[in-house]
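Residues per chain, in single letters:
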Amino acid sequence: MSGWYDWVLATGRQHGVDPIVFATIYIGAIPFFFASLGWLVRRGKAGRSTVLPVISAGLFFCSAYLYLAIAGRGIPAWVWIFLAVLILYGAWSTIRSVRGKMRTSRQ
């Protein structure tokens, strides 16, 4: 276990990011992200504004990457490209899921 763990810690030090903090933010944001999605669906079903739930879900979805952007230094371009693809795919997938839930609840 120490081989990959040491590599992760060394890479984190090299780029100014604590991998434990990153993982904690990443995992800790999951329940808040899903709570925001629930809030979004409820407000959408009720015909109310979904702006705040969308912003909330987006911030929780990107929170670990925001930490990386703020604390990190010298992050390679390929990492940002990879993260952009992940975020775009995640947003697309989430939008499809939320729209499906809102559509089935109206019928």
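Look up a bit, the structure's there.
Just so it is clear, the structure is predicted and the values come from calculations on it, not from any experiment.

Q: Quick question: what am I supposed to make of the packing of aromatic side chains here?
A: The geometry of two aromatic rings is summed up by the distance between their centres and the angle between their planes. Going through the model one piece at a time under the given rule, you end up with 7 aromatic pairs. Geometrically, the ring pair formed by Phe32 and Phe60 is stacked, given 5.3 Å between the ring centres and 20° between the ring planes. Of this pair, Phe32 sits in helix H2 (residues 19-45) while Phe60 is found in helix H3 (residues 51-71), placing the two residues 28 residues apart along the sequence. Ring centres 5.8 Å apart and planes at 45° place the aromatic pair Tyr89 and Trp92 in the tilted group. Highlighted residues: Tyr89 and Trp92, both in helix H4 (residues 77-106), separated by 3 residues, approximately one helical turn. Three or more aromatic residues joined by ring pairs make a cluster, and in this case those are Phe22, Tyr26 and Tyr65.

Q: I tried to follow a nonpolar patch on the surface on my own but got confused; where do I start?
A: Together, Trp39, Val51, Leu52, Ile55, Leu59, Leu66 and Ile70 make up a nonpolar patch on the protein surface, roughly 700 Å² of accessible area in all. Per-element tally for the nonpolar patch: the top contributor is H3, with 6 residues. Locating Trp39 in the fold gives a position in helix H2.

Q: Would you mind showing me how to read helix H1 (residues 2-15) here?
A: An α-helical segment advances 3.6 residues per turn. Residues three or four places apart therefore align on the same side. In this model, H1 (14 residues) spans 20 Å end to end at C-alpha, consistent with the 20 Å of a helix rising 1.5 Å per residue. Phi turns positive, to about 75°, at Gly16, one or two residues after H1.

Q: Looking at this structure, how should I read the side chain of Ser36?
A: For Ser36, the location among the structural elements is in helix H2. Among all residues touching Ser36, those that are not within four sequence positions of it are Pro53, Ser56, Ala57 and Phe60.

Q: I tried to follow the packing of H2 against H3 on my own but got confused; where do I start?
A: Relative orientation and spacing of two packed helices are given, respectively, by the angle between their axes and the distance between those axes. Following both chains from N to C, one finds H2 and H3 inclined at 170°, their axes separated by 7 Å at the closest point. One element, H2, and the other, H3, form an angle in the roughly antiparallel class. Residues Val21, Phe22, Ile25, Tyr26, Ala29, Phe32, Phe33, Ser36, Leu37, Trp39, Leu40 and Arg43 of H2 form the contact with H3, whose own contacting residues are Leu52, Pro53, Val54, Ser56, Ala57, Phe60, Phe61, Ser63, Ala64, Tyr65, Tyr67 and Leu68. A per-class count over the contact of H2 with H3 returns 20 nonpolar, 3 polar and 1 charged.

Definitions and limits used
Residues numbered from 1 in each chain as written. Predicted model: local features only at pLDDT ≥ 70, side-chain atom pairs only at ≥ 80, totals over all residues. Heavy atoms only, no water. Phe/Tyr/Trp six-rings, centres within 6.5 Å; stacked < 30°, edge-to-face > 60°. Helix = DSSP H or I, 4+ residues; strand = E, 2+ residues; numbered from the N terminus. Patch = residues over 30% accessible without salt bridge, like charges linked within 9 Å, V, L, I, M, F, W, Y side chains within 5 Å. Areas by Shrake-Rupley, 256 points an atom, 1.4 Å probe, with all protein chains shown as cover. Salt bridge = Lys/Arg side-chain N within 4 Å of Asp/Glu carboxyl O. Expected span 1.5 Å × (residues − 1). Contact = heavy atoms within 4.5 Å. Axes fitted to C-alpha atoms, helices over the stretch in contact; angles between N-to-C directions. Parallel < 35°, antiparallel > 145°, perpendicular 65-115°, else oblique. Nonpolar A, V, L, I, M, F, W, Y, C, P; charged D, E, K, R; others polar.

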